[in-house]
Amino acid sequence: MLSSLDRLPDDPAALKAIILAQQEEVARLTASARAYEALVQALKIRIARLQRQKFGPSSEKIEREIEQLQLTLEDLEVAMAAAGTPTGPDDTELQPEAALASPQRRRGKPRVADHAPRERIVLDPGDRCPECGGTLRLIGEDVSEILDFIAAKLKVVETARLKKSCRSCENIVQPPAPTRPIRRGMFGPGLLAHILVSKFDDHLPLYRQAEIFVRLGADIPRSTLIDSCGQGIATLRPLSDLIKSEVMRADRLHVDDTPIKVLDPSRRTADPMVRGVKEGRIWVYVRDDRPWGGSAPPGAAYYFAPDRRGEHPQRHLATFSGVLQADAYGGFKKLYAAGTDGASRIREAACWAHLRRDFHDLWKTTGSPIAKEALDRIGALYDIERDIAGKSAEMRRQVRQNHSRPLVDAFRIWCETQLLRIPGKGDLANAMRYALNRWPAFTLFLEDGRVAIDNNAAERAIRPIVIGRKNYLFAGSNAGGETIADAMTIIETAKFAGLNPEAYLADVLGRINDHIVTRLHELLPWHWKPLSQHRQAA
């Protein structure tokens, strides 16, 4: 150490230069370390995605792991950008590996919709040359674009209804007051739609929305937000009921459920300050004929139940007749029972995604080669399904009969053979018996091209509830659970129709109280047209 210090120059300027060079080297090494750390995280995400593509949807644990890795990767890349380390296409050192690790990450300019507002700023050097004073002529222009944000703002809409009297008969004339979304409420349809979508679709609790409104210049009490939110859903409930009746009239439905915490004053806890909570359920029924090109518009019907007893789905499906895609929930058994004529009103279609998830969890935890082979066999079925997505029902049935049926039959024989060789009480045997005991339900998709191979449509529809309950934690009562179900029915069905749910709700809330009840179907998401289009047509 002393010998190295002896070699340092005595000139202060030279010492400063050495210190600066070392600082730059430390910064470069730190940025490089962050870049490689980000690359490691990206490779982990890539591996997890490849496993999901090969073996099907992973368990919820793997999904959470992927989400956490993506958040970590995002933070690392932000740190890299702050340190000046290139992370885009100009990164010559790490670009090949980064492209391999995360090919789904899109770089470059943002995609902006054609209808987005544009503002053009022209910088003109004038008419005279600043050097010689000669006349300037236009030879072209260089155009660059930036994407800016216009902050949301609140406005007060004051409606003055003038009173006039007739000079002849002294009659008082005054225009009627415009209808409001909420009787005697101060929230306009745009604000009310924003509150509802922020709470139920963006999962932003009302107390956080109140803080945002304060920044925008309006101190709205949380109790007012709560009342307006509930009354807004009550205004929309006829439309929600109509959506549910339309969805439940289908002859093929996907169904799933998820728990939700509900406050229950009747339950006492050891701590008097802690309120009792019970577990309710949100059920979702999805009609989606898009995979086989059906004409019925997709929709989702949500229902709340205070518990998971089978009587609830049996009541929901009391008039339903057709194919029900669901898991092995015991409450559905009565629905599948044969009637007096020997035929079943509802036919069960099992979910291959549930089955392969069991094998995937076993392979992930134990590395079982038998579970790995089961995943490969099921994965081959999904390869065929990807090729026939969007095809006609008859074409899907023919392809499944010619290509999928031999694979399904071979899978059954393989399971029966393996059960003779493996322990009968293990998880692997249970997964195989789960399939064999419900074999007609697992093979129904081979006979009908309209039936899906899995229940992923319902699982995707139930996911917003899972995300939302992490933010609002619980429903205040059973009525609160029903409010959540009604709101999700309208918002998710609007998203199925490709609509902006906030714009859709703002328009509907401004019209529904004046709309003719017998023509309420015009406001359904798949029939809806903005009020401006109706005026233009008139």
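Small disclaimer: the values here were computed from a predicted structure and weren't measured.

Turning to the overall build of the protein chain, a few remarks are in order. Secondary structure summary: the protein chain contains 19 helices and 8 strands in total. Sorting the 538 residues of the protein chain into buried and exposed places 39% on the buried side. Long-range pairs, those at least 24 residues apart, make up 66% of the contacts in the protein chain between residues at least 6 apart in sequence. On the protein chain, roughly 32900 Å² of surface is accessible, and the fraction owed to carbon and sulfur atoms is 53%.

With that out of the way, let us pick up the pairing of strand β4 (residues 277-287). With 9 of 11 residues buried, β4 lies mostly within the body of the structure. Alignment of strand β3 (residues 252-263) against β4, held across 10 bridges, turns out to be antiparallel. By the bridge assignment for β4, H254 is matched with V286. Where β4 and strand β5 (residues 299-305) come together, 7 bridges link them in antiparallel fashion. Each bridged residue has a counterpart across the sheet, and for R287 the counterpart in β5 is G299.

Residues of the protein chain with pLDDT of at least 70 account for 81%, and the chain-wide mean is 84. At the low end of the mean pLDDT range in the protein chain sits helix α4 (residues 95-101), at 39; at the high end sits β5, at 96. Confidence drops under pLDDT 50 across residues 88-105; counting only partners more than four residues distant or on other chains, this segment forms 20 contacts.

Our next topic: the environment of T179. Tracing the chain through its elements places T179 in the loop between β2 (172-173) and α5 (189-200). Accessibility expressed as a relative area gives 42% for T179, which makes it partly exposed. Measuring from C-alpha to C-alpha, the distance between T179 and R511 comes to 8.5 Å, with 332 residues separating the pair along the chain. When residues no more than four places from it in sequence are discounted, the contact partners of T179 are N513 and D514. Polar side-chain contacts of T179 include one of 2.7 Å to the side chain of D514.

A few words on the side chain of H203. The residue H203 is located in the loop between α5 and α6 (206-215) in this model. H203 gets classed as buried once you look at its relative accessible area, which sits at 11%.

Relative to the 27 Å expected for 19 residues at 1.5 Å per residue, helix α11 (residues 369-387) spans 28 Å between its end C-alpha atoms, a close match to the ideal helical length. I370, A371, A374, L375, I378, G379, L381, Y382, I384 and E385 are the residues of α11 that are buried. For α11, the N-terminal capping position is held by S368, with its side-chain oxygen 3.3 Å away from the main-chain nitrogen of I370.

In this structure, I422 sits in the loop between α12 (393-419) and α13 (427-437). Judged by its relative accessible area of 14%, I422 is buried. As for I422 and I370, which are separated by 52 residues in sequence, their C-alpha atoms are 9.7 Å apart. The contacts of I422, once residues within four sequence positions are left out, are I370, L428, A429 and M432.

All right, on to unusual backbone geometry then. Even without being glycine, E170 reaches a positive phi, approximately 65°. As for its placement among the helices and strands, E170 is situated in the loop between β1 (164-165) and β2.

On to the packing of aromatic side chains, then. When we look at a pair of aromatic rings, we describe it by the centre distance and by the angle of the planes. Summed over all chains, the structure comprises 13 aromatic pairs. When the ring of W352 is compared with that of F442, the centres are 5.3 Å apart and the planes differ by 80°; the resulting orientation is edge-to-face. Remark: F442 occurs in helix α14 (residues 439-442) and W352 occurs in helix α10 (residues 352-366); sequence separation between them is 90 residues. Here W352 matches F442 in class, with each residue buried.

A complete count under the given rule lists 28 salt bridges for this structure. E311 is the salt-bridge partner of R309, the closest N and O atoms lying 3.7 Å from each other. Its relative accessible area of 40% is what places E311 among the partly exposed residues. The partner of R347 in a salt bridge is E447, and the shortest N-O contact between them spans 3.6 Å. Here the residue R347 occupies a position in strand β7 (residues 346-349), and E447 occupies one in helix α15 (residues 444-447), the gap between them amounting to 100 residues. With a relative accessible area of 44%, E447 lands in the partly exposed category.

A few words on the state of the cysteines. Applying the stated rule across the entire model yields 0 disulfides. C132 provides the cysteine sulfur closest to C129, a residue in no disulfide bond, and the two sulfurs are 3.9 Å apart.

We now examine α13. Where α13 is concerned, the buried positions are L428, A429, A431, M432, Y434, A435 and L436. Packed against the buried residues of α13 are α10, α11, α12 and α14.

Right, let's talk about the packing of α5 against helix α7 (residues 222-248) for a bit. Helix-helix packing is characterised by the crossing angle of the two axes and by the distance between the axes. Between α5 and α7, whose axes approach to 10 Å, the crossing angle comes to 95°. For the element pair α5 / α7, the angle class is roughly perpendicular. For the pair α5 and α7, contact is made by L192, I195, L196, K199 and F200 and by L225, S228, C229, G232, I233 and L236, respectively. Here the contact of α5 with α7 is built from residues that sort into 8 nonpolar, 2 polar and 1 charged.

This paragraph deals with the packing of α7 against helix α18 (residues 501-511). Running from N to C, α7 and α18 cross one another at 90°; their axes reach a closest spacing of 11 Å. Of the possible angle classes, the one that applies to α7 and α18 is roughly perpendicular. Each of G232, T235, L236 and L239 in α7 lies in contact with α18, whose residues at this interface are Y504, L505, V508 and L509. Broken down by class, the residue content of the contact of α7 with α18 amounts to 6 nonpolar, 2 polar and no charged.

Calculation notes
- Residues numbered from 1 in each chain as written.
- Predicted model: local features only at pLDDT ≥ 70, side-chain atom pairs only at ≥ 80, totals over all residues.
- Heavy atoms only, no water.
- Helix = DSSP H or I, 4+ residues; strand = E, 2+ residues; numbered from the N terminus.
- Buried < 20%, exposed > 50% of the residue type's maximum accessible area, 1.4 Å probe, protein only.
- Contact = heavy atoms within 4.5 Å.
- Areas by Shrake-Rupley, 256 points an atom, 1.4 Å probe, with all protein chains shown as cover.
- Pairing = 2+ DSSP bridges.
- pLDDT = per-residue confidence, 0-100.
- Polar contact = N/O pair within 3.5 Å; in protein donor to acceptor, adjacent residues only side chain to side chain.
- Expected span 1.5 Å × (residues − 1).
- Phe/Tyr/Trp six-rings, centres within 6.5 Å; stacked < 30°, edge-to-face > 60°.
- Salt bridge = Lys/Arg side-chain N within 4 Å of Asp/Glu carboxyl O.
- Disulfide = S-S within 2.5 Å.
- Axes fitted to C-alpha atoms, helices over the stretch in contact; angles between N-to-C directions.
- Parallel < 35°, antiparallel > 145°, perpendicular 65-115°, else oblique.
- Nonpolar A, V, L, I, M, F, W, Y, C, P; charged D, E, K, R; others polar.

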